[in-house]
Amino acid sequence: MILPVVIVLKEIYEKGRDYLWPRPEVCPRCKAARPWGHGFVAAYFDGFTAGVLLRRYRCSQCGCVIRLKPHGYFDRFQSSIETIRAVICDLVDKKLSFSGVSRTRKAHWLKALKRKARAYFGDPFQHSLPEAFDRLMEMGKIPVSRAI
């Protein structure tokens, strides 16, 4: 299970294992008190040359492994939500984007967003893609994932 927390990625990157992570009060699955530390896992984010160590916890009751991640990132995505939305807006407006994101990743996001907008809002989609992005976010969906 992945829990978003408000943290500064640069600070975690610099401090590594010495960063003071917030501990979940209860297990999100079974509500047992105080999950215990379960080590770290390296995660890769845009703008960092090496993996950032993210804290994990484990519930002694149900065995659930909880990984903390920075708020503002989709699960399993290296770029921030803000960066992804900005790239989508640039692609729609046919602007050159110098965000440091590869052309193939941009194309992946655009294709996935078009597909998901078609699936949720019909074909042809009558709204702009940035609006579709926002509406899917409000629905609790990841707008640029391939899963529908």
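Everything discussed here concerns the structure shown above.
These numbers were taken from a predicted model, which means no experiment stands behind them.

About the thresholds
- Residues numbered from 1 in each chain as written.
- Predicted model: local features only at pLDDT ≥ 70, side-chain atom pairs only at ≥ 80, totals over all residues.
- Heavy atoms only, no water.
- Axes fitted to C-alpha atoms, helices over the stretch in contact; angles between N-to-C directions.
- Helix = DSSP H or I, 4+ residues; strand = E, 2+ residues; numbered from the N terminus.
- Parallel < 35°, antiparallel > 145°, perpendicular 65-115°, else oblique.
- Left-handed = near helix turned anticlockwise from the far one by under 90°.
- Contact = heavy atoms within 4.5 Å.
- Nonpolar A, V, L, I, M, F, W, Y, C, P; charged D, E, K, R; others polar.
- Pairing = 2+ DSSP bridges.
- Phe/Tyr/Trp six-rings, centres within 6.5 Å; stacked < 30°, edge-to-face > 60°.
- Buried < 20%, exposed > 50% of the residue type's maximum accessible area, 1.4 Å probe, protein only.
- Lys NZ or Arg CZ within 6 Å of the ring centre and 35° of its normal.

The subject of this paragraph is the packing of helix α3 (residues 103-121) against helix α4 (residues 129-138). Where α3 meets α4, the closest approach of the two axes is 10 Å, and the angle between their N-to-C directions is 70°. Compared by their axis directions, α3 and α4 come out roughly perpendicular. Where α3 crosses over α4, the two elements pack in a sense that is left-handed. Contacts between α3 and α4 pair L110, L113, K114, K116, A117, Y120 and F121 from the former with L129, A132, F133, R135 and L136 from the latter. Each residue belonging to the contact of α3 with α4 can be placed in one class, and the counts come to nine nonpolar, no polar and three charged.

So, about the sheet that holds strand β4 (residues 65-70). Spatially, four strands are ordered β1-β4-β3-β2 in an open sheet, and the strand pairing comes out mixed. Edge positions in the sheet fall to β1 (2-5) and β2 (36-43), since each of these pairs with one other strand and no more. For this sheet, the mean angle separating the axes of adjacent strands, direction not counted, is 30°. In the sheet, strand β3 (residues 52-58) pairs with β4 via three bridges, with the strands oriented antiparallel. Residue pairing across strands places R58 opposite V65, the latter belonging to β4.

This structure, assessed with the given rule, holds six aromatic pairs. Their ring planes at 75° and their centres at 5.2 Å tell us that Y19 and W21 sit as a pair that is edge-to-face. According to the relative accessible area criterion, Y19 is buried, its value standing at 13%. When its relative accessible area of 7% is taken as the criterion, W21 is described as buried. Residues F45 and Y73 carry aromatic rings whose centres are separated by 4.9 Å and whose planes lie at 70° to one another, so their mutual orientation is edge-to-face. With F45 in the loop between β2 and β3 and Y73 in the loop between β4 and α2 (81-92), the pair connects residues that are 28 residues apart, well separated along the chain. Residue classification places F45 among the buried positions, given a relative accessible area of 8%. The ring of F121 carries R135 above its face, with NZ or CZ at 4.1 Å from the centroid.

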